Amino acid sequence: MSEIIEVGSHWLAVREAEDSRARSQDLARSVRSLLPDGPIIVHDLGSGTGSMMRWLAPLLPGPQTWVLHDWNASLTERALDGELPRDLLDAPISVRSRIGELARLEGADLEGASLVTASALLDVLTAPEAHAIVDACIEVGAAALFSLSVTGEVELRPWDARDKLYEAAFNGHQRREVHGRRLLGRYGGPIVRGLFGRARWNVRTARTSWRLDDREPQLLADWFDGWVDAAEEQCPELRDECAGYREFRRGQLDRGELSAVVHHLDLLVWPR
């Protein structure tokens, strides 16, 4: 995966505050009742720079140990170098990292897990990677919280008829095949939900959304440019069919007139 899906630390930093606002607080509160008494171990998959840890650790009891799993060692180093969060009772947590490809994840890699987490991950997985994660969670019997999987639905305001063309092209880009890897895109969340359901695990979902406007113009601009770039990479003919679309929307953004709602799915699963 590391050769294909490479997320920059700048983008992770720009989006972190909105990620924290958007994730389901209700599902996070429900996690507490699923945890054992005493020390807990949280395995965070595709951890990046540690944003899930910084958001969730203060909502959970301790003592906590977080194990950050990622294929990019430079990102996990940033997570370890920064100021670490504290738990629900303001006690320090401990953190360690593990570098490896998620396609090879096994139950042994989640040793001692009280909880497995991931954020903005399921849509960039392949089917074998999704199966590996589900199988590993089932093997260790740990509850799992997966947040912010894209659904493919975007609402731009003011409305423009060309939006749906870009949305469809972007969703196609999310399902592209790169070096033999067919990404799950917007089907990632539903597929993982279905796999746990087939294993007769309890499943709860929550619809969550980014709400982007002139309060965070940099995030809106970065998201919009990335969304349009991906759509036009997937369907180059959009540049001619929708000539001037980017400039039109960029003008609205510069004047503080543009807003967007980007829909996601959060998923909490646990064994019966």
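Residues numbered from 1 in each chain as written. Predicted model: local features only at pLDDT ≥ 70, side-chain atom pairs only at ≥ 80, totals over all residues. Heavy atoms only, no water.

Our focus in this paragraph is the sheet that holds strand β9 (residues 259–270). What the 7 strands build is an open sheet, ordered β3-β2-β1-β4-β5-β9-β8; its pairing is mixed. Of all strands in the sheet, those with a lone pairing partner are β3 (94–99) and β8 (202–212), marking the two edges. Between one strand axis and the next, the sheet turns through 20° on average, direction left out of account. Where strand β5 (residues 143–157) and β9 come together, 9 bridges link them in antiparallel fashion. The residue of β9 that forms the bridge with Val154 is Val262. Helix α4 (residues 73–81) rests against β2 (64–70) and β3 of the sheet, and its axis sits at about 175° to β3. (Pairing = 2+ DSSP bridges. Helix = DSSP H or I, 4+ residues; strand = E, 2+ residues; numbered from the N terminus. Axes fitted to C-alpha atoms, helices over the stretch in contact; angles between N-to-C directions. Contact = heavy atoms within 4.5 Å.)

With that settled, consider helix α10 (residues 245–254). Within an α-helix, residues lying three or four positions from one another point in the same direction, as the helix has 3.6 residues per turn. Residues of α10 that are buried include every one of Tyr245, Arg249, Gly251, Gln252 and Leu253, and no others. For α10, the elements touching its buried residues are β5, α6 (163–174) and α8 (217–234). (Buried < 20%, exposed > 50% of the residue type's maximum accessible area, 1.4 Å probe, protein only.)

Remark: helix α5 (residues 127–140) packs on helix α7 (residues 188–198), axes separated minimally by 10 Å, with the N-to-C direction vectors making an angle of 35°. In the packing of α5 onto α7, the handedness of the crossing is right-handed. On the side of α5, the interface is formed by Ala130, His131, Val134, Cys137 and Ile138, while α7 contributes Val192, Leu195, Phe196 and Arg198. Looking at the contact of α5 with α7 residue by residue, the classes come out as 7 nonpolar, 1 polar and 1 charged. (Left-handed = near helix turned anticlockwise from the far one by under 90°. Nonpolar A, V, L, I, M, F, W, Y, C, P; charged D, E, K, R; others polar.)

Turning our eyes to something else, we now look at the confidence of the model for the chain. Looking at the chain as a whole, the pLDDT averages 93, with 97% of positions reaching at least 70. In this model residues 1–5 is a low-confidence stretch, pLDDT under 50, and it forms 16 contacts with partners more than four residues away in sequence or in other chains. (pLDDT = per-residue confidence, 0-100.)

Attention shifts here to the pattern of salt bridges. Applying the stated criterion to the full structure yields 19 salt bridges. For Asp225, the salt bridge goes to Arg250, with nearest N and O atoms at 2.5 Å. Separated by 25 residues along the polypeptide, Asp225 in helix α8 and Arg250 in helix α10 bring together distant segments of the chain. Assessed through its relative accessible area of 18%, Asp225 is described here as buried. Glu232 serves as the salt-bridge partner of Arg239, at 3.5 Å between the closest nitrogen and oxygen. Shared partners join several salt bridges into a network, and the residues in it are Asp225, Asp229, Glu232, Arg239, Arg246 and Arg250. (Salt bridge = Lys/Arg side-chain N within 4 Å of Asp/Glu carboxyl O.)

With that out of the way, let us pick up unusual backbone geometry. Cis peptide bonds are those with omega within 30 degrees of zero, and the linkage from Gly62 to Pro63 qualifies with -5°. Along the polypeptide, Pro63 turns up in the loop between α3 (51–56) and β2. Geometrically, the link from Arg157 to Pro158 is a cis peptide bond, its omega value of 0° lying close to zero. Residue position: Pro158 is located in the loop between β5 and α6. Not every positive phi belongs to a glycine, and Asp90 is a case in point at roughly 70°. Along the chain, Asp90 falls in the loop between α4 and β3. In this structure, Ala120 takes a positive phi of about 55° despite not being glycine. Looking at Ala120, the relative accessible area reads 25%, which means it is partly exposed.

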